[in-house]
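# Chains, contacts and geometry: an overview
This is what each chain is made of:
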Amino acid sequence: MPGMVVFGRRWGIASDDLVFPGFVELFFRVLWWIGTMILFTYHKGHFDCNGRGVLHTFLVGQLVVLALIILSLCAIIYVSAQGTITNPGPRRSMPVLVYLRAVLYLPELAWACMGAVWVSDDSRGCDPATSANWIHFSAFCHFFPAAAEPLGVRHMESSEGTQFLSTARSLAVKVWESRLRLLCCCLPQDENQRAAFSSIAQLFTGFFSDTDLVPSDIAAGLALLHQEHDKMERSRDPDMVVPHSPSSPVGEDLETELEKAAHCMQFAAAAYGWPLYIYSNLLTGPCKLSRDCCGSRGAEYEIVGGDHLGCHFSSILQSTGLQYRDFIHVSFHNQIYEIPFYVALDHKREAVLVAVRGTLSLKDVLTDLSAECENLPIEGVSGACYAHKGICQAAGYIYKKLVNDGILNQAFSIAPEYKLVITGHSLGAGTASVLAVLLRNSFPTLQCYSFSPPGGLLSKALADYSKDFVVSVVLGKDLVPRLSIPNMEDLKRRILKIVSNCNKPKYRILLQGCWYELFGGDPDDFPTEMDNRREEELSQPLLGEESLLVRHSSSYHSLASDDSPAHAATHLPLFLPGRVLHITEDGPSRRSCFSTVRYRADWSNEMNFRSILISPRMLTDHMPDVLLRALNSLTCERPYSLCPSHTSGSQQQNV
């Protein structure tokens, strides 16, 4: 940090990113030099074929060029390993070394041409092994192309004035839009897609515009944050009790809610269709589905849209145990802001159940990333009412289907005494929660079970309103329930603070971080105080000498502060819906692959998810099969894991 400026452009790598690439190339260059030296020594004095003078000169020149390249690589590695992430001063000679290394490609090319001429004209009568030397060398010359990528519009020269800033921001938005169009080139073009691209591009431009972090800086910061969090967890009092939500009773209520949640999670997971079913049943799943997929079901599939082979619906039947006659409506139609869902009669719980699918396609990702706030006025709710734009649109789409198309009327005409239950996982959980808010006035007894919903979902007023009928279930250190724009700004601030405080070179941070992730051990003892650095210097955006962006960011107002992300919030805060049921692992944070996992469950508060936790499990804890397994474990092993902080002392001793 900042990105290295060479050849008149700013690149997506920093001057301290060349240690590992340099070592890789140095390793192969040294091997090649040794092989060439052995070949030259073996044939010395026996160059008695046609063109022997050219061959002798070629081998000597190759040894010299390789030696110069090896020396330049050693210099690059040494200089790149100096300084720290935010102190590039000791590496100021790196551009010169990069230019030198680039210049050395010219003699390589010249010697390659000489070898080509010799092989084509004068190699007759020579040892084939000698000829092979040139062939291998030519292939090797093309093995290490330049590996830097231009960083968007950052190659532009810096300037002053608001006009340039406005132009730079608009160019950055266009760059992000072009990247999104390239990523989603296979999707059909429509108005929703263009609006989503524009919204997401503006979001990304605003988030990345005030820093000059390169990807390796972010990786180093995440490695340090993970170790810092583990260090804090180990120093925490093991007997500390997490307070439960004041609005939530304990004991039997928690036990009942867990049983209901485990039951509903089966339907939420089933909404993903055959991909998750096959993944969860690798041995038996394909055989079970093969009997139903591609089969002729006649008029049965009139209610199923977007499932041409019937594999999705067959997997739902297998996962839920329901019969075909229990389904009122099944739709696998998928567009931006339009996600699959199904409506079924759950006779076991006497409920009309609406299950919404989570993210499973690029279109769903675009819905996720449309994270702007959209007004969501609800009758009877005082205070600011707004929610995640993309999820609001998706909930509105399903609401129209359920109400305007008469799907719910059809369901309740069959089972008028049943109650309405809405469920979903991830994107489906957020959509289910907003849908429950929309339907609450029409169905006062409805319940919603939201599994791993996005953290940036509802305004505070709507989140409090939903506590009476929405239960959010979060597993461990799941990233998604902690994911919101203010939380991402807070993560960026914490990364900047920790890399600014650290006095170790980046390559050591990455090496120790990889070792810690793979093999565990004690967290790195990185510094926690400023080391000979003025805090006022860190209050400015960390930009390169020629950065095009000069806007002051709220992320840097107080880099030494550990306050919540709300202290410098520039975006409206959004929260998890309803009451939050948090499931965590009992026991040490690291365990063997074959050890039995035990869980505990407790009521939590949405404010406990206002910070992103860095952990290897931040993604795996979000997987629907992992969450379903944890819920089933809790309901099967109730005496061991249900809220040990609120159970009797004898039960605690048994644990």
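In every chain, residue numbers begin from 1 and rise along the written sequence. Given that this is a predicted model, residues contribute local features only at a pLDDT of at least 70 and side-chain atom pairs are listed and counted only at 80 or more, while totals for whole chains, interfaces and linings are drawn from all residues. To get the side-chain values, take all heavy atoms of the structure and skip hydrogens and water.

Strands are runs of DSSP state E lasting at least 2 residues, helices are runs of H or I lasting at least 4, and numbering of each runs from the N terminus. By the secondary structure assignment, S72 is in helix α2 (residues 52-80). Exposure is judged per residue with a 1.4 Å probe applied to protein chains only, and the accessible area is read against the type maximum: over 50% gives exposed, under 20% gives buried, and values in between give partly exposed. Looking at S72, the relative accessible area reads 4%, which means it is buried. Looking at S72, its side chain comes within polar contact range of the main-chain oxygen of I69, at 2.7 Å. Once residues within four sequence positions are removed from consideration, S72 is found in contact with L100, R101 and L104. Polar contacts, as used here, are pairs of N or O atoms within 3.5 Å; protein pairs need one atom able to donate a hydrogen and one able to accept it. Residues neighboring in sequence count only if both atoms are side-chain atoms. By the convention used here, residues are in contact when the closest approach between their heavy atoms is within 4.5 Å.

Turning our eyes to something else, we now look at the packing of aromatic side chains. Classification of ring pairs uses Phe, Tyr and Trp, with its six-membered ring standing for Trp, and accepts pairs whose centres are within 6.5 Å; under 30 degrees between planes counts as stacked, over 60 as edge-to-face, and the remaining range as tilted. Per the counting criterion, the structure on display carries seven aromatic pairs. Consider the rings of F313 and F327, whose centres lie 5.1 Å apart with planes at 70°: the pair is edge-to-face. Remark: F327 occurs in strand β4 (residues 327-331) and F313 occurs in helix α12 (residues 311-320); sequence separation between them is 14 residues. Across the pair, exposure class does not vary: F313 and F327 are buried alike.

This part covers the pattern of salt bridges. Salt-bridge detection follows one rule: a side-chain nitrogen of Lys or Arg within 4 Å of a carboxyl oxygen of Asp or Glu. Scanning the model with the defined rule gives 18 salt bridges in all. For K467, the salt bridge goes to E606, with nearest N and O atoms at 2.9 Å. A residue pair is termed long-range when its members are at least 10 positions apart, and K467 in the loop between α17 (460-465) and β11 (470-475) and E606 in the loop between β13 (598-604) and α21 (617-620) qualify at 139 residues. Neither K467 nor E606 differs from the other in exposure class; each is buried. For K492, the salt bridge is made with E489, and the minimal N-O distance between the two is 3.3 Å. Placement of both K492 and E489 in helix α18 (residues 485-501) is noted, with a separation of three residues, approximately one turn of the helix. Accessibility classification places K492 together with E489 in one group, the buried group.

UniProt positions are given in the numbering used here, feature names are shortened, and annotations may be inferred rather than shown by experiment. Taking the numbering used here, the UniProt-annotated feature "transmembrane region" (unreviewed entry) corresponds to residues 20-42, 54-78 and 98-119. As annotated, residues 20-42 comprises 100% helix and 0% strand, and the C-alpha atoms at either end are separated by 33 Å.

Moving on: the pairing of strand β6 (residues 351-356). With six of six residues buried, β6 lies mostly within the body of the structure. DSSP bridges decide pairing: two strands pair if at least two such bridges lie between them. Pairing between strand β5 (residues 341-346) and β6: six bridges, direction antiparallel. Its bridge partner lying in β6, V343 is registered against V354. Once β5 ends, the chain turns through four residues before running back antiparallel as β6, passing E350 with a positive phi of about 55°. Relative to strand β9 (residues 419-425), β6 is paired through six bridges, and the arrangement is parallel. Each bridged residue has a counterpart across the sheet, and for V356 the counterpart in β9 is G424.

With 46 residues, the main nonpolar core has V352, V354, L402, L420 and I422 as its most contacted residues. Elements represented by at least two residues in this core include exactly β5, β6, α14 (389-404), α15 (407-414), β9, α16 (427-439) and α17. Once residues lying within four places of it in the same chain are set aside, the contact partners of L402 are F341, V343, V354, I407, L408, L435 and L439. Among the nonpolar cores identified, the runner-up in size contains 42 residues, and L254, F332, Y342 and V471 belong to it. We define a nonpolar core as any set of buried Ala, Val, Leu, Ile, Met, Phe, Trp, Tyr and Cys residues linked to one another through side-chain atoms lying within 4.5 Å.

Here we come to the pairing of strand β10 (residues 447-451). Most of β10 is tucked away, with four of its five residues classed as buried. By the bridge criterion, five bridges tie β9 to β10 in an arrangement that is parallel. When the bridges of β10 are listed, H425 appears paired with F451. Inspection of the sheet shows β10 paired to β11 by four bridges, in the parallel sense. What sits directly across from F451, in β11, is V473. Handedness of the β-α-β unit built from β10, α17 and β11 comes out right-handed. Convention used here: a crossover is right-handed provided that the path from the first strand, over the helix, to the second strand proceeds clockwise when the strands point away from the viewer.

Each patch groups residues whose relative accessible area exceeds 30% and which form no salt bridge, using 9 Å between like charges and 5 Å between nonpolar side chains of Val, Leu, Ile, Met, Phe, Trp and Tyr. Only the protein chains shown count as cover for residues, and all accessible areas are computed by the Shrake-Rupley method using a 1.4 Å probe. A contiguous nonpolar surface patch, about 370 Å² in accessible area, is contributed by V24, F27, F28 and L31. Of note, F27 is situated in helix α1 (residues 19-43). The exposure class assigned to F27 is partly exposed, which follows from its relative accessible area of 49%.

Below, the discussion takes up the confidence of the model for the protein. What pLDDT expresses is the predictor's confidence in each residue, scored from 0 to 100. For the protein, the average pLDDT comes to 77, and 69% of its residues sit at 70 or higher. In the predicted structure, residues 134-161 sits below a pLDDT of 50 and forms 56 contacts with residues beyond four places in sequence or in another chain. Throughout residues 237-251 the model reports pLDDT below 50, and contacts reaching past four residues in sequence, or to other chains, amount to 16 contacts.

What follows deals with the environment of S319. Position of S319 among the secondary structure elements: in helix α12. Not counting the four nearest positions on each side in its chain, S319 is found in contact with A270 and Y277.

To continue, consider α16. Since the α-helix turns once every 3.6 residues, residues separated by three or four places project in the same direction. For α16, spanning 13 residues, the distance from its first C-alpha to its last is 18 Å, which sits close to the expected 18 Å at 1.5 Å a residue. Most of α16 sits out of view: twelve of its 13 residues are buried. Within α16 the residues assigned to the buried category are L427, G428, A429, G430, T431, A432, S433, V434, L435, A436, V437 and L439. A helix is expected to span 1.5 Å multiplied by its residue count minus one.

Moving on to the packing of helix α8 (residues 215-235) against helix α19 (residues 506-519). A pair of packed helices is characterised by two quantities: the angle between their axes and the separation of those axes. Where helices are involved, their axes are fitted lines through C-alpha atoms of the stretch in contact, as for all axes, and angles between N-to-C directions lie from 0 to 180°. Two elements in contact, α8 and α19, have axes whose closest approach is 9 Å; the angle formed by their N-to-C orientations is 50°. As summarised for this structure, α8 and α19 are arranged oblique, according to the angle between their axes. The handedness of the crossing between α8 and α19 comes out as left-handed. Two secondary-structure elements touch here, α8 through S216, D217, A219, A220, A223, L224, H226, Q227, D230 and R234 and α19 through K506, I509, L510, G513, Y516 and E517. Tallied by class, residues from the contact of α8 with α19 come to seven nonpolar, four polar and five charged. For classification purposes, an angle smaller than 35 degrees is called roughly parallel, one larger than 145 roughly antiparallel, one from 65 to 115 roughly perpendicular, and anything else oblique. A clockwise turn of the near helix away from the far one marks a right-handed crossing, whereas an anticlockwise turn of less than a right angle marks a left-handed crossing. For this scheme, ten residues count as nonpolar: Ala, Val, Leu, Ile, Met, Phe, Trp, Tyr, Cys and Pro. Four count as charged, namely Asp, Glu, Lys and Arg, and the remainder, Gly too, count as polar.

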